[in-house]
Amino acid sequence: MAAPIDLELKKVEIQRVAILICSHLFSSVLTCSHLFSVFNSSYAFSELQVKMIDTQQKVKLADLQIDQLTRVQKHAKLTHAEITTLPDNTRLYEGVGRMFILQSKEEINNQLMDKQKTADEKIKELEQKKVYLERSVKEAEDNIREMLLSRRAH
């Protein structure tokens, strides 16, 4: 996506070219103002399209993050279920990088429960964000539809 400054510079350049075209080709002020209104509506249309595409990508990213967190949550849950069946005096090791650290059963259970809890909270946040983004996409689609209908009416 282009930076806002780049878009503004392009808009200013296009307006300058439009002014030159108007001043050299047309003597009517009405024609120049019509040209500017067409330019502004097409610029707004392209901005809406960019916003909608960007928001759709954010929705897809949120879906991917939710899926990944769901897998993490499921893995922690299954590991916790397996560990609870082991006797209390079992030696358990936690993998850290390329080494393993001896941990108590209680510590590993607490870490797994924390991992599940954190994943659940993040999933809830992402789902709320996703609802907001989906609403934004729908609004952008409605705005684009309105612009197209108003163009056809004129």
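Model, not experiment: these values are computed from the prediction. (Residues numbered from 1 in each chain as written. Predicted model: local features only at pLDDT ≥ 70, side-chain atom pairs only at ≥ 80, totals over all residues. Heavy atoms only, no water.)

Some details on the overall build of the protein chain
Link 1 in the chain: Looking only at helices and strands, the protein chain features three helices and two strands.
Link 2 in the chain: The helix and strand sequence of the protein chain, counted from the amino end, reads α-α-β-β-α.
Link 3 in the chain: For the protein chain, with 154 residues in total, the buried portion stands at 20%.
Link 4 in the chain: A fraction of 70% describes how many contacts in the protein chain between residues 6 or more apart in sequence connect residues 24 or more apart.
Link 5 in the chain: Here the protein chain displays about 11,900 Å² of accessible surface, and carbon together with sulfur accounts for 58% of that area. (Helix = DSSP H or I, 4+ residues; strand = E, 2+ residues; numbered from the N terminus. Buried < 20%, exposed > 50% of the residue type's maximum accessible area, 1.4 Å probe, protein only. Contact = heavy atoms within 4.5 Å. Areas by Shrake-Rupley, 256 points an atom, 1.4 Å probe, with all protein chains shown as cover.)

Description of the pairing of strand β2 (residues 99-103)
Link 1 in the chain: Of the strand pairs in this sheet, strand β1 (residues 92-96) and β2 are connected by five bridges, and their pairing is antiparallel. Within β2, the residue paired with Leu92 across the bridge is Gln103.
Link 2 in the chain: Counting the residues between successive antiparallel strands, the hairpin from β1 to β2 contains two residues, one of them, Gly97, with a positive phi of roughly 65°. (Pairing = 2+ DSSP bridges.)

As for the side chain of Lys105
Link 1 in the chain: Turning to its location among the elements, Lys105 is positioned in helix α3 (residues 105-153).
Link 2 in the chain: Classification of Lys105 by relative accessible area gives buried; the value is 13%.
Link 3 in the chain: A distance of 3.4 Å separates the side chain of Lys105 from the backbone oxygen of Ile83, its partner in a polar contact.
Link 4 in the chain: Setting aside residues no more than four positions away along its own chain, Lys105 makes contact with Ile83, Thr84, Leu86, Pro87, Asp88 and Leu92. (Polar contact = N/O pair within 3.5 Å; in protein donor to acceptor, adjacent residues only side chain to side chain.)

Quick notes on the confidence of the model for the protein chain
Link 1 in the chain: Mean pLDDT over the protein chain: 80, with 72% of residues reaching 70 or higher.
Link 2 in the chain: No element of the protein chain has a lower mean pLDDT than helix α1 (residues 4-25), which averages 55, and none a higher one than β2, which averages 94. (pLDDT = per-residue confidence, 0-100.)

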